[in-house]
Amino acid sequence: MTTHPDRAVLYPDVAAHGSLAAALQAVAEERGFAVSVMSSGSSSLSHASAESGLPYRKALLVSSWVAERRWSIRGEETFAGSALIEGDTDDLAQVAVAARAWQDGAALSEIRHAAPFVHLTGRFEVPDPDPQHLTESEWQFMRTEAEERGLPTYQALIEAACAEPALRRLYPFTSHWTLRFSTTTRPSLTLIGPCLLAADADQGYRVSTGFTGTGLLTEATTAQEAVAAAVRHLPDAPGPVTLGAIRDDEHRGGFGA
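Reading guide: rules and limits
Residues numbered from 1 in each chain as written. Predicted model: local features only at pLDDT ≥ 70, side-chain atom pairs only at ≥ 80, totals over all residues. Heavy atoms only, no water. Helix = DSSP H or I, 4+ residues; strand = E, 2+ residues; numbered from the N terminus. Buried < 20%, exposed > 50% of the residue type's maximum accessible area, 1.4 Å probe, protein only. Contact = heavy atoms within 4.5 Å. Pairing = 2+ DSSP bridges. Axes fitted to C-alpha atoms, helices over the stretch in contact; angles between N-to-C directions. Core = buried A, V, L, I, M, F, W, Y, C linked by side-chain atoms within 4.5 Å. Salt bridge = Lys/Arg side-chain N within 4 Å of Asp/Glu carboxyl O.

**Q** Would you take a moment to explain the overall build of the protein chain for this structure?
**A** The helix and strand inventory of the protein chain stands at 9 helices and 11 strands. A total of 257 residues make up the protein chain; the buried ones form 46% of that total. Long-range contacts, defined as pairs at least 24 residues apart, comprise 48% of the intrachain contacts of the protein chain with a sequence gap of at least 6.

Quick look at the structure:
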């Protein structure tokens, strides 16, 4: 059974302040600025959040690691809860800087400049929300993720699909790294068309009805061939992407009912 160090041992400074939120505020004050951070109930030593002044941003979430002294952040957009920024660092002052920038409504690139540990997911902010812009944002995220993943076949698939107008107008997402499409945005997806899978190394691509490769429609040597096959199996005129439904218990932020 794996055991982890006591949090008070890993984070004596946090324990001394009584909470992660208080520790963040203290380290910010030491560096000449203020940040408003909230504790997270019974997890006050390990979790905190910083609200944003922008209605289309959720509170920035901060959490500490259990096996080593390190903190992670995640900043989401309000409509579907998709990450705009992420990151981890062992420098609590950098976390405070990122929280302050998020709270002040700084542009995503400015947050990254202020706190270099911050990772931009590739999504851009859509204040409206507009389903077309949300779709464009998700494609940008997919391309960023594919490039960072470092698998040439997968990246080629994402780039080929993005370059195809019939697929580009659909909302993209992945299940087990299989590329899929929807006629609605998150959080409530409406599946359409086939699934595209980039096989390992030189094994090519598979187009199927199931995301695990079941219901194989065809195999292809190149990403372009796989995309062309997927287009042939799309329903006629699927129509523009619309907003996915939000449950009544979802926080809707500044987007209205």
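**Q** Please explain the sheet that holds strand β6 (residues 119-120) as it appears in this structure.
**A** Whether parallel or antiparallel, the strands of a sheet pair through hydrogen bonds between backbone atoms. Taken in spatial order, the 6 strands of this open sheet run β1-β2-β3-β4-β5-β6, and their pairing is antiparallel. What marks the edges here is a single partner per strand, and that holds for β1 (38-39) and β6. The sheet contact formed by strand β4 (residues 71-76) and strand β5 (residues 83-89) spans 6 bridges and is antiparallel. Residue pairing in the sheet places Ser-72 in a bridge with Asp-88 of β5. Strands in contact with helix α4 (residues 92-103) are β2 (47-50), β3 (60-64), β4 and β5; relative to β4, the strand with the most contacts, it is inclined by about 10°.

**Q** Quick question: what am I supposed to make of the sheet that holds strand β10 (residues 205-208) here?
**A** Pairing is antiparallel across the open sheet formed by 5 strands, whose spatial order is β7-β8-β9-β10-β11. Across the chains shown, the open sheet's two edge strands, defined by having one partner strand only, are β7 (171-175) and β11 (216-220). Along the sheet, successive strands turn relative to each other by an average axial angle of 25°, direction set aside. Examined bridge by bridge, strand β9 (residues 191-198) and β10 share 4 bridges and lie antiparallel to one another. Considered in β10, the bridge of Ala-198 is made with Tyr-205. On top of the sheet, helix α6 (residues 131-149) reaches β7 and β8 (178-182); it is set at about 40° to β7, its chief contact.

**Q** Can you walk me through the nonpolar core in this structure?
**A** Note on soluble globular proteins: their nonpolar side chains tend to be buried together. In this structure, Leu-24 and Ile-73 are the most contacted members of the largest nonpolar core, which totals 34 residues. At the level of secondary structure, the elements contributing two or more residues to this core comprise α3 (20-30), β2, β3, β4, β5, α4 and α5 (108-114). Examining the composition of this core, we find that 8 residues originate from one element, α4, more than from any other. When neighbours within four sequence positions are excluded, Ile-73 is seen to be in contact with Leu-60, Leu-61, Val-62, Ile-85, Glu-86, Gly-87, Val-95, Ala-98, Phe-117 and Val-118. Counting 27 residues, the second-largest nonpolar core is a separate cluster that includes Trp-139, Ala-160, Val-227 and Ala-229.

**Q** What should I look at first to understand the environment of Thr-183 in this one?
**A** Turning to its location among the elements, Thr-183 is positioned in the loop between β8 and β9. The class of Thr-183 is buried, set by a relative accessible area of 16%. If sequence neighbours within four positions are ignored, Thr-183 has contacts with Leu-170, Thr-190, Ile-192, Pro-240, Val-241 and Thr-242.

**Q** Hey, could you run me through the pattern of salt bridges in this one?
**A** Opposite charge on two side chains permits pairing when their charged atoms draw close. Counted under the stated rule, the structure contains 12 salt bridges. As a salt-bridge pair, Arg-31 and Glu-30 come within 3.4 Å of each other at their nearest N and O atoms. Arg-31 gets classed as partly exposed once you look at its relative accessible area, which sits at 49%. Across the salt bridge formed by Glu-159 and Arg-143, the nearest N and O atoms sit 2.9 Å from each other. Residue Glu-159 is located in helix α7 (residues 152-163), and its partner Arg-143 is located in helix α6; the two are separated by 16 residues in the primary sequence. Look at Glu-159 and you get partly exposed, because its relative accessible area is 27%. Relative accessible area serves as the criterion here: at 36%, Arg-143 is assigned to the partly exposed category. Each of Lys-58, Arg-74, Glu-76 and Glu-86 takes part in one network of salt bridges that share partners.

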